Amino acid sequence: MSDPYETTEQHLERILRRALNSFDLPDSTVERLETALTHSSSLHSSHHSSALHRETYRHTYLLADGTPLTLWELVHSGPRDARPGFQQHELYDDEADAAIAAARLTGGSGDGRTFGHDGPVLGQDGVFRYGGQVWGDDGVFGYDGPSAGLEILDALMAAPPTPMPRTYAPDNSADHARRVLRRAENRDAPGEGTALRLRAAFAHHITQVFGRQRQVDGRDARFTLYEHAFLLLDGSETSLWEVEHTATPDGRHMCEVYGDEDAARAAMESRTRIC
């Protein structure tokens, strides 16, 4: 990842140039990085399976004002990346955003699986099964059997479990809301009124409320639903509901944002083409 003879300026230029989402970095972050004096890079986490190779790197910069600034780089490739050594790069200035992006790739909220004594059984085909659910070697689960379609529909429409009390983090939340709205690709995303209201956000909390993988048009597609909850200056709360999926013609990741959970779940149901 690092060249010992590379200057900090060259290092920054290289990782910004190759990142698919470098335009999502806040302008204030990019401006601060222009004053970086030195840097350090290290591997933060990794996930490797037959379906996915993913690594997260931490790049920390010492700025001219004596403060540190960290970028989180997500590097990944999968089976559909036919070219040897082909990798995709994403950059985030928030560790939570990087973790969400990593969970999006693995189809869940983490890399590992924990099973109890009554948990899934490993079959001769190398697949874990339990209660009609199936886990692949990449940790992503779905359903099998004759009732698979109905169970997927039930999962899509089911009400989420009772949420734990939120712990809001004051962390440049208005800018986080702006970035969520900016990456929305659906035409019916929340408009200027919502964007204006979210300028008063001073804390936020991100929750993954749904994650599944299933067949759409004969190929695997992942669906993940996130709630971005915001605490506003007047003490009120509001949420953006973000759907990330790969049910696109070329299998690329697509982001859609909605103002309420029902609309987000309806969009996921529509994308799965379940009749």
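Since the model is a prediction, treat every value here as computed from it, not as a measurement. (Residues numbered from 1 in each chain as written. Predicted model: local features only at pLDDT ≥ 70, side-chain atom pairs only at ≥ 80, totals over all residues. Heavy atoms only, no water.)

As a further point, take the sheet that holds strand β2 (residues 53-63). Overall, antiparallel pairing links the 4 strands, which are arranged β1-β2-β3-β4 in an open sheet. If you trace the sheet from one side to the other, it starts and ends with β1 (36-48) and β4 (88-92), each paired once. Taken over all neighbouring pairs, the strand axes of this sheet differ in orientation by 20° on average, direction set aside. Pairing geometry for strand β3 (residues 68-77) and β4, over 5 bridges, is antiparallel. When the sheet's bridge partners are listed, tryptophan 72 is paired in β4 with tyrosine 92. Where helix α1 (residues 8-18) meets the sheet, its contacts fall on β1, β2, β3 and β4, and the angle it forms with β1 comes to roughly 40°. (Pairing = 2+ DSSP bridges. Helix = DSSP H or I, 4+ residues; strand = E, 2+ residues; numbered from the N terminus. Axes fitted to C-alpha atoms, helices over the stretch in contact; angles between N-to-C directions. Contact = heavy atoms within 4.5 Å.)

On to α1, then. Of the positions making up α1, those classed as buried are Thr8, His11, Leu12, Arg14 and Ile15. Axial view of α1: buried residues confined to an arc of 165°, hence all on one face. α1 presents Glu9 and Arg17 as exposed residues on the side facing more than 90 degrees away from its buried surface. Against α2 (27-33), β1, β2, β3 and β4 lie the buried residues of α1. (Buried < 20%, exposed > 50% of the residue type's maximum accessible area, 1.4 Å probe, protein only. Arc of directions from axis to C-beta.)

Our next topic: the pairing of β1. Here β1 runs beside β2; their pairing, made up of 11 bridges, is antiparallel. When the bridges of β2 are listed, serine 41 appears paired with histidine 59. The turn joining β1 and β2, which pair antiparallel and follow one another in sequence, is formed by 4 residues.

Bringing the confidence of the model for the chain into the picture now. Scored by pLDDT, the chain has a mean of 76; 70% of the residues are at 70 or more. The low-confidence segment residues 108-153 (pLDDT under 50) makes 75 contacts with residues lying over four places distant or belonging to another chain. (pLDDT = per-residue confidence, 0-100.)

All right, on to the environment of arginine 265 then. Checked against the element boundaries, arginine 265 lands in helix α7 (residues 261-272). Using a relative accessible area of 7% as the deciding quantity, one classes arginine 265 as buried. Placed 40 residues apart in sequence, arginine 265 and leucine 225 show a C-alpha to C-alpha distance of 8.1 Å.

The next thing to look at is the pattern of salt bridges. Within this structure, the stated rule accounts for 10 salt bridges. In this structure, glutamate 185 engages arginine 252 in a salt bridge whose closest nitrogen and oxygen atoms are separated by 2.7 Å. You can see glutamate 185 sitting in the loop between α5 (173-182) and α6 (192-197) and its partner arginine 252 sitting in the loop between β11 (237-245) and β12 (254-258), a full 67 residues away along the chain. Overall, the relative accessible area of 38% leaves glutamate 185 in the partly exposed class. (Salt bridge = Lys/Arg side-chain N within 4 Å of Asp/Glu carboxyl O.)

The first and last C-alpha atoms of α7 sit 17 Å apart over 12 residues, in line with the 16 Å expected at 1.5 Å per residue. Within the span of α7, buried status applies to Glu261, Ala264, Arg265, Ala267, Met268 and Thr272. Here the buried residues of α7 occupy an arc of 155° about the axis, which is enough to place them on one side. In α7, the exposed residues that point more than 90 degrees away from the buried face are Asp262 and Ser270. (Expected span 1.5 Å × (residues − 1).)

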